[in-house]
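In case you want the letters, here they are:
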Amino acid sequence: MDISAVNALPYEDFVNIFGNVVEKCPLVSAAVWTRRPFVSLADLEAAINQFIDALPESGKEGILRCHPDLAGRDLHRGALTRESRQEQAGAGLDALRSDEASRVSRLNEEYKRRFGFPFVVCARAHDKASILRELSERCGNERAAERARGIQEVKKICRLRLQDLVRSDNKL
């Protein structure tokens, strides 16, 4: 779909198509629909990022809490969103050895206990080894820094998901 087609979408269709570019947060796409027309994919992405940036810290943490644990129960139960399932599988998180799975589970719990939200990383930019390394390292961050880092990762995920949905070669 090109940006002209995006701009022509009725509200319900826009939210249905873009409702998961920020994991399980259709409110984000609902809020940016009113900013149409977008002149480009980058303009749509900027509108989403501006909405996220304008949220209070509690809203940003809410966005982070919508993300599943990496290689967690939802993956094994088949309860992930289609996008998350593909992203985690692409990083090899669906094929962890038992020692790796135990380590990820332990680190996920430590991370959530420390910060109050799940670890978020753009899995498409990593493999399982780099995700494990980053999860371990980021457990030592301060809460505010980790909240900001998590939101940066949300934006990376959003960018890639938008690129999957919208051709970037067309402008109005």
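Note that the structure is a prediction, hence the values are computed from the model and not measured.

## Overview of the overall build of the protein
Looking only at helices and strands, the protein features ten helices and zero strands. Going from N to C terminus, the protein has its helices and strands arranged as α-α-α-α-α-α-α-α-α-α. Taken over C-alpha atoms, the radius of gyration comes to 17 Å for the protein, in line with the 16 Å a tight globule of 172 residues would show. With the C-alpha coordinates aligned to their principal axes, the bounding extent of the protein is approximately 50 × 30 × 25 Å. Scored against the burial criterion, the 172 residues of the protein give a buried share of 47%. Taking the contacts inside the protein whose residues are at least 6 apart along the sequence as the reference set, 70% of them involve residues at least 24 apart. For the protein, the accessible surface area stands at approximately 8500 Å², while carbon and sulfur atoms represent 49% of it.

## Regarding the domain arrangement of the protein
Split into domains, the protein comes out as domain 1 (3–62) and domain 2 (68–154). Using C-alpha coordinates to define each centre, domain 1 is positioned 24 Å away from domain 2. When the two sides are added together, the surface that domain 1 and domain 2 hide from each other amounts to roughly 830 Å², 54% of it contributed by carbon and sulfur. Our count for the contact surface shared by domain 1 and domain 2 stands at three salt bridges. The interface formed by domain 1 and domain 2 contains seven residue pairs in polar contact (both at pLDDT 80 or more). Of all the elements, helix α5 (residues 57–65) adds the most residues to the side of domain 1 that touches domain 2, at three residues.

## Quick word on the state of the cysteines
Counted by the stated rule, this structure contains zero disulfides. Looking at C66, it has no disulfide partner, and the nearest cysteine sulfur is the one in C25, 3.6 Å off.

## Section: the nonpolar core
Counting residues in hydrophobic clusters, the biggest one holds 46 residues, and the most contacted among them are F18, V22, L44, I48 and I63. Of all the secondary structure elements, the ones that give two or more residues to this core are α1 (3–8), α2 (11–18), α3 (26–32), α4 (41–54), α5, α8 (98–115), α9 (128–138) and α10 (143–165). Two domains share this core, each providing at least three of its residues, namely domain 1 (3–62) and domain 2 (68–154). Other than its neighbours up to four places away in sequence, F18 contacts M1, V6, L9, S29, L44, L162, L165 and V166.

## Remarks on the packing of α8 against α9
Across the interface, α8 lies against α9 with an axial gap of 9 Å and an inter-helix angle of 35°. Considering the relative orientation of α8 and α9, their crossing is left-handed. Each of E100, R103, V104, L107, N108, Y111 and F115 in α8 lies in contact with α9, whose residues at this interface are K128, L132, L135, S136 and R138. Broken down by class, the residue content of the contact of α8 with α9 amounts to six nonpolar, two polar and four charged.

## As for the UniProt feature "domain: Oxo-4-hydroxy-4-carboxy-5-ureidoimidazoline decarboxylase" (unreviewed entry) in the protein
When the UniProt feature table is mapped to this numbering, "domain: Oxo-4-hydroxy-4-carboxy-5-ureidoimidazoline decarboxylase" (unreviewed entry) covers residues 7–163. Taken end to end, residues 7–163 is 66% helix and 0% strand, and its first and last C-alpha atoms sit 16 Å apart.

## A short note on the environment of W33
Following the sequence through the fold, W33 ends up in the loop between α3 and α4. Aside from chain neighbours lying at most four places away, what touches W33 is L9, P10, Y11 and F14.

## Re the layout of surface pockets
Empty space within the largest pocket amounts to approximately 260 Å³. D69, G72, R73, D74 and E109 are the residues nearest the centre of the largest pocket, which is lined by 15 residues in total. The biggest single contributor to the lining of the largest pocket is α8, with six residues. Residue lining of the second largest pocket: I17, N20, V21, R82, E83, Q86, E87, R124, R161, D164 and L165, and that is the complete set. At the level of secondary structure, the elements contributing two or more residues to the lining of the second largest pocket comprise α7 (82–90) and α10. Considering each element in turn, the lining of the second largest pocket owes the most residues, four residues, to α7.

Thresholds, definitions, all that
Residues numbered from 1 in each chain as written. Predicted model: local features only at pLDDT ≥ 70, side-chain atom pairs only at ≥ 80, totals over all residues. Heavy atoms only, no water. Helix = DSSP H or I, 4+ residues; strand = E, 2+ residues; numbered from the N terminus. Rg over C-alpha atoms; globule rule 2.2 N^0.38 Å. Buried < 20%, exposed > 50% of the residue type's maximum accessible area, 1.4 Å probe, protein only. Contact = heavy atoms within 4.5 Å. Areas by Shrake-Rupley, 256 points an atom, 1.4 Å probe, with all protein chains shown as cover. Domains from an automatic or database assignment. Buried area = accessible area lost by both parts, 1.4 Å probe. Salt bridge = Lys/Arg side-chain N within 4 Å of Asp/Glu carboxyl O. Polar contact = N/O pair within 3.5 Å; in protein donor to acceptor, adjacent residues only side chain to side chain. Disulfide = S-S within 2.5 Å. Core = buried A, V, L, I, M, F, W, Y, C linked by side-chain atoms within 4.5 Å. Axes fitted to C-alpha atoms, helices over the stretch in contact; angles between N-to-C directions. Left-handed = near helix turned anticlockwise from the far one by under 90°. Nonpolar A, V, L, I, M, F, W, Y, C, P; charged D, E, K, R; others polar. UniProt positions renumbered as here; feature names shortened; annotations may be inferred. 1 Å grid on protein atoms, 1.4 Å probe; cavity = no way out; pocket = protein on both sides within 12 Å on 5 of 7 lines; lining within 4 Å. Points joined across faces, edges and corners; volume = space filled by probe spheres on them.

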